[in-house]
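Coordinate inspection notes
Next come the chains, spelled out residue by residue.
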Amino acid sequence: MTSSSPASPTADASTSPYLRLRGVHKSYGDTPVLQSIDADIARGEFVTLLGPSGCGKSTLLRAIAGLTPMDAGDIEVAGETITHLPPQRRDIGMVFQHYALFPNMSVADNVAFGLKMRRVDAAERRERVEQALALVELDTHALKSPHQLSGGQRQRVALARALITRPRILLMDEPLSALDAKIRQHLREQLREIQRQLQLTTLFVTHDQEEAMMLSDRIFLMGEGHILQHGDAESLYTRPNSEAVVNFVGAYNRFDAEQASRLLGRDIEGQCFALRPEALYLVSEKSAPALPANPGPGCRGTIAARQLLGSIVRYRIECEGLSMNVDTLNRGVRSLMTRGSDVVVHADIDEARLL
Ligand code: ADP
């Protein structure tokens, strides 16, 4: 059985932090929105701020960009304190959920805007716009106006506009949320590819766990103005360190000590356990899966509900007074179990998380 470790959002010890946050604090009125946030992010790292709506993700991003003043704390980039610099002197690019393009300018002029503000000469501007548009695969759309583009294309223009000034850090606030699922998937892959190619230190905000897990080197899970836990997708998913993380990540089953004792067939005192639905195994007339190495004694139950989630089937099982979700692979119509069927549930004890 695994136990938890405290959150300490620092970069890999072998790399010195490129972006360093210390004691970042922000309140609106009496309500704290960011509470002493510390974080170290390595150069070229792709970090996602994940968490429910209202937990402070955008506020943190905006504080780093200099768009929202902080009450306390320090921000360093590459060893330089930028806490008191105005946004335009921070060398940080930002992409928002709603593309915020200038509707009356062509795609090329939108992308060139940041260079024009910096008084870069016309010849260099042209060359860099060409490069930036090629990077986001929009080179044939330079003369179009934003309203002639799809949502996904507009977001790629916004990305090119943020990248053209060669920022030290890229901040992205729910950039894919307004797009439909298929385009979102494609743009995710493209975005990650570009980020890797440029080795660009990136902070990406989303409330979508799957998106965070697909994209990130590391995920910072936020809740109520704190970083609750950080780590790669695998560690966050399989080793949540608190009930708050369990409640956000996956579809964990949560058991108190008495319930866990019944399920695991041994006495467990004063602790709370979480178990992923795929760490429970159903044995029935229709299915006799290979059990894990440490399967527990098994618990007799009945199927109370069934949810088809594509390749996964999620069963709700009532089991000797316990109620739990169990996920199985959808192997086809004949293997589906119906409501009321008798089953035996085995728990993979090694996967139980002590909270
Ligand atoms: P998230 O990005 O995680 O959804 P936000 O950072 O946007 O969360 O907001 C965090 C909290 O701060 C929310 O409760 C929100 O209502 C509040 N908040 C954000 N901006 C302001 C503002 N300008 N004035 C007052 N409250 C705000």
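Below or above, wherever it landed, is the structure these notes cover. Residue indices follow the written sequence of each chain, beginning from 1 at its first position. Where totals are concerned, whole chains, interfaces and linings use all residues; where local detail is concerned, this predicted model gives features only for residues with pLDDT of at least 70, and gives and counts side-chain atom pairs only at 80 or more. Side-chain measures here rest on the full set of heavy atoms in the structure, leaving out hydrogens and waters.

A word on the overall build of the protein chain
We count it as follows: Here a strand is any run of E in DSSP of at least two residues, a helix any run of H or I of at least four, and the numbering for each starts at the N terminus. Think of it in three bands: with a 1.4 Å probe and only protein chains considered, a residue is buried below 20% of the maximum accessible area for its type, exposed above 50%, and partly exposed in between. The criterion used for residue contact is that any of the two residues' heavy atoms lie within 4.5 Å. Positive charges come from Lys and Arg alone, negative charges from Asp and Glu alone, with His and the N- and C-terminal ends not counted. We put the charge of a Lys on NZ, of an Arg on CZ, of an Asp on CG and of a Glu on CD.
When helices and strands are counted, the protein chain shows nine helices and 18 strands. In terms of its C-alpha atoms, the protein chain occupies a principal-axis envelope of roughly 75 × 45 × 40 Å. When each of the 355 residues of the protein chain is scored for burial, the buried share is 49%. Sequence separation of at least 24 residues holds for 67% of the intrachain contacts in the protein chain that already meet a minimum separation of 6. Across the protein chain, 40 positive and 43 negative side-chain charges occur, with their mean positions spaced 6 Å apart.

Digging into the sheet that holds strand β17 (residues 342–347)
Applied cut-off: Only strands that DSSP links by at least two bridges are regarded as paired with each other. In this analysis an axis means a line fitted to C-alpha atoms, helices contributing only their contacting stretch, and an angle means the value between N-to-C directions, from 0 to 180 degrees.
Within the open sheet, the five strands sit side by side as β13-β17-β14-β15-β16. Their pairing is antiparallel. Of all strands in the sheet, those bounded by a partner on one side alone are β13 (280–283) and β16 (322–329). Neighbour-to-neighbour, the strand axes of this sheet turn through a mean angle of 45 degrees, independent of strand direction. Each of β13, β14 (299–309), β16 and β17 touches helix α9 (residues 257–264); the most contacted strand, β16, lies at about 50 degrees to it.

With respect to the packing of aromatic side chains
Each aromatic ring pair is described using two quantities: the centre-to-centre distance and the angle formed by the ring planes. Let me state the cut-off plainly: What counts as a ring pair is set by centres within 6.5 Å for rings of Phe, Tyr and Trp (its six-membered ring), and what kind of pair is set by the plane angle: stacked under 30 degrees, edge-to-face over 60, tilted for all other angles.
As enumerated under the stated definition, the model contains two aromatic pairs in all. A ring pair is formed by F46 and F204, whose centres lie 5.7 Å apart and whose planes are at 40 degrees; its orientation type is tilted. Here the residue F46 occupies a position in strand β3 (residues 46–50), and F204 occupies one in strand β8 (residues 201–206), the gap between them amounting to 158 residues. There is no split in this pair, since F46 and F204 are both buried. Ring geometry for F102 versus F113: centroids 4.8 Å apart, planes at 55 degrees, classification tilted.

With respect to the side chain of T68
Structurally, T68 is set in the loop between α1 (57–65) and β4 (72–77). Once you skip the residues sitting within four places of it in the chain, T68 turns out to touch K26, Y28, T59, R62 and A63.

Points about a negative patch on the surface
The following threshold applies: Patches here are clusters of residues that have more than 30% relative accessible area and form no salt bridge, with a 9 Å joining cutoff for like charges and a 5 Å cutoff for nonpolar side chains (Val, Leu, Ile, Met, Phe, Trp, Tyr). The protein chains shown are the only cover counted for residues, whose accessible areas, like all others here, come from Shrake-Rupley with a 1.4 Å probe. For this document, the term salt bridge refers to a Lys or Arg side-chain nitrogen within 4 Å of an Asp or Glu carboxyl oxygen.
Among the surface-exposed residues, E127, E130, E137 and D139 lie close enough to one another that they form a single negatively charged patch. Take E127: it is sitting in helix α3 (residues 122–135). Exposure remark for E127: the relative accessible area of 49% places this residue in the partly exposed category.

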